[in-house]
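So you can see what is in the structure, the chains are spelled out below.
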Amino acid sequence: MTTILKLENYKVYYETPNGYVRAVDGVNLEVEKGEILGLIGESGCGKSTLVMSLVLPKPPMKIMGGRALLGKIDLTKLSWDERRKILLTKLSIIPQYALDALPVIKKIGAFLSDLAKDKNIPEDQVIEKFIERIKLVGLPTNVIDMYPLELSGGMRQRVIIALSTIFSPDLLIADEPTSALDVSTQRQVLELLRNLRDTGIVKSIIFVTHDIASVRQIADRIAVMYAGKIVEISSVEEIIKNPLHPYTQGLIRAVPVLGINYKKKRLSGLPGQPPNLLNPPSGCRFYPRCKYATPKCIKEEPPSVNINSRIVSCWLYVKEVPKK
Ligand SMILES: Nc1ncnc2c1ncn2[C@@H]1O[C@H](COP(=O)(O)OP(=O)(O)OP(=O)(O)O)[C@@H](O)[C@H]1O
Ligand SMILES: [Mg+2]
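Here, residues in each chain are numbered from 1, in the same order as that chain's written sequence. A letter from A marks each chain and a number from 1 marks each ligand, given out in the order of writing. Residues qualify for local features only when their pLDDT is at least 70, as the model is predicted, and side-chain atom pairs are given and counted only at 80 or more; totals for whole chains, interfaces and linings, by contrast, use all residues.

*Asks:* Could you clarify how one ought to interpret helix α1 (residues 47-55) in this entry?
*Replies:* Helical geometry: 3.6 residues make up each α-helical turn, so side chains three or four residues apart lie on a common side. Three exposure classes are used. Buried residues have 20 or more other C-beta atoms within 10 Å of their own C-beta, exposed residues have 12 or fewer, and partly exposed residues fall in between, all C-beta atoms being placed from the backbone. For the purposes of this entry, the term helix denotes a DSSP run of H or I that reaches at least four residues, the term strand denotes a run of E that reaches at least two, and both are numbered from the N terminus. Most of α1 sits out of view: seven of its nine residues are buried. The set of residues buried in α1 consists of K47, S48, T49, L50, V51, S53 and L54.

This is the structure we're talking about:
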């Protein structure tokens, strides 16, 4: 299998007057060619920091260590010029809140002129590529003459998808691309993203969300993030059927199941709050909310263990080596 992206002990902090916010703290993760990897976790766990830092790490964000290999390129070592060259061609992102960030008073065509200048490519070539994409995402070609203001949320998200994949990047990152959309538009956008992967326009996708329902519709594997760390990585089926990490178990149980009367059976969500990342707990970051926590969990961080190709970081799954 070819690996498109490999993160090794990757750390990204925010520098603040009160100290470092340890938003991404020692992440190991691989994205394979052809896969859609879902990245899921509660608000504030570091999902956007992780993906944004790969594309545009800018202050107060600071890469504190590790490697982020996109093929042979270490993204942590790139200059701004080198980074700009690979943006859209090898690596592309649909940022969280992109729908609101699109300047409303600029025609879509004007974005294409900017893009052509920036990439030093003749404008008609860029327009030709864009028209190819715009047909693929199911929009009329006259959107080029329209302002984002004239488009519905779903149409705007399709334009953003067309723009972000215009040069067929190896890896597309989509950060909460469906959160602001209604349910039927959400489904169409998920299908569209899957189609981009199926037709090879992009090789792989990282799909970021806090919503299990949408991630299970699109992803092949899921990485679960908690307080700056990846706590579990498994296939979608396995994670839904048999979550290993106590945090994943809580996340899955917090999702209502059709046909259950919740007046009789209470939603067993996750009690408590995630930790403050300025001063995270020692040992396992989940121990203050974990019903299985032992003194060892408070003192020592659990290693990642591989169980039948699943990865989990929890002392429950670490076999004690018998003393001789
Ligand atoms: N500019 C900043 N300065 C300091 N801390 C920040 C900054 N931006 C984010 N953080 C902190 O970094 C942590 C991770 O935030 P991040 O936005 O990556 O989370 P997220 O998982 O994407 O959340 P959401 O689901 O709400 O989008 C949070 O504790 C957040 O408060
Ligand atoms: Mg986010």
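*Asks:* Explain the nonpolar core to me, please; I cannot follow it from the model alone.
*Replies:* Considering soluble globular proteins, one finds that nonpolar side chains tend to be buried as a cluster. Each nonpolar core consists of buried Ala, Val, Leu, Ile, Met, Phe, Trp, Tyr and Cys residues. Their C-beta atoms, within 7 Å, join them into a set. I206, F207 and V224 are the most contacted members of the largest nonpolar core, which totals 82 residues. Top contributing element to this core by residue count: strand β1 (residues 3-16), with six residues. Filtering out sequence-adjacent residues up to four positions away, I206 remains in contact with V31, L37, L39, V51 and I173. It is the C-beta atoms, placed from the backbone, that decide contacts: two residues are in contact if theirs lie within 7 Å.

*Asks:* Just to check I follow, could you spell out helix α6 (residues 153-164) for this structure?
*Replies:* Expected span of a helix: the number of residues minus one, times 1.5 Å. Given a rise of 1.5 Å per residue, twelve residues ought to cover 16 Å, and the 16 Å separating the end C-alpha atoms of α6 matches this to within 8%. Counting buried positions over the twelve residues of α6 gives nine, a clear majority of the element. Taken as a whole, α6 has its buried residues at R156, Q157, R158, V159, I160, I161, A162, L163 and S164. In the core, the buried residues of α6 are packed alongside β6 (91-94), α3 (98-101), α4 (108-119), α5 (123-136), β7 (171-175) and α7 (183-198).

*Asks:* How should the pairing of strand β9 (residues 221-226) be read in this particular structure?
*Replies:* Remember that side chains alternate between the two faces of the sheet whenever the strand is regular. Counting buried residues along β9, six of its six residues qualify, which places the element largely inside the surrounding structure. We call two strands paired when DSSP finds no fewer than two bridges between them. In the sheet, strand β3 (residues 36-40) pairs with β9 via four bridges, with the strands oriented parallel. In the sheet register, G38 faces β9, and the bridge partner there is I222. Relative to strand β10 (residues 229-235), β9 is paired through six bridges, and the arrangement is antiparallel. In the sheet register, A223 faces β10, and the bridge partner there is I233. Hairpin connection, β9 to β10: the antiparallel pair is bridged by two residues, and A227 has positive phi, about 50°.

*Asks:* When you look at unusual backbone geometry in this model, what are you seeing that I'm missing?
*Replies:* With the exception of glycine, the majority of residues adopt a negative phi angle, and the majority of peptide bonds are in the trans configuration. Residues P59 and P60 are joined by a peptide bond in cis, for which omega reads 5°. Tracing the backbone shows P60 in the loop between α1 and β4 (61-70). In the Ramachandran plot, N308 falls in the positive-phi region, its phi being about 50° despite a non-glycine side chain. Tracing the sequence through the fold places N308 in the loop between β11 (304-307) and β12 (310-313). Since 6 C-beta atoms lie within 10 Å of it, N308 is described here as exposed. With phi around 70°, S309 is a residue other than glycine that occupies positive phi space. Tracing the backbone shows S309 in the loop between β11 and β12.

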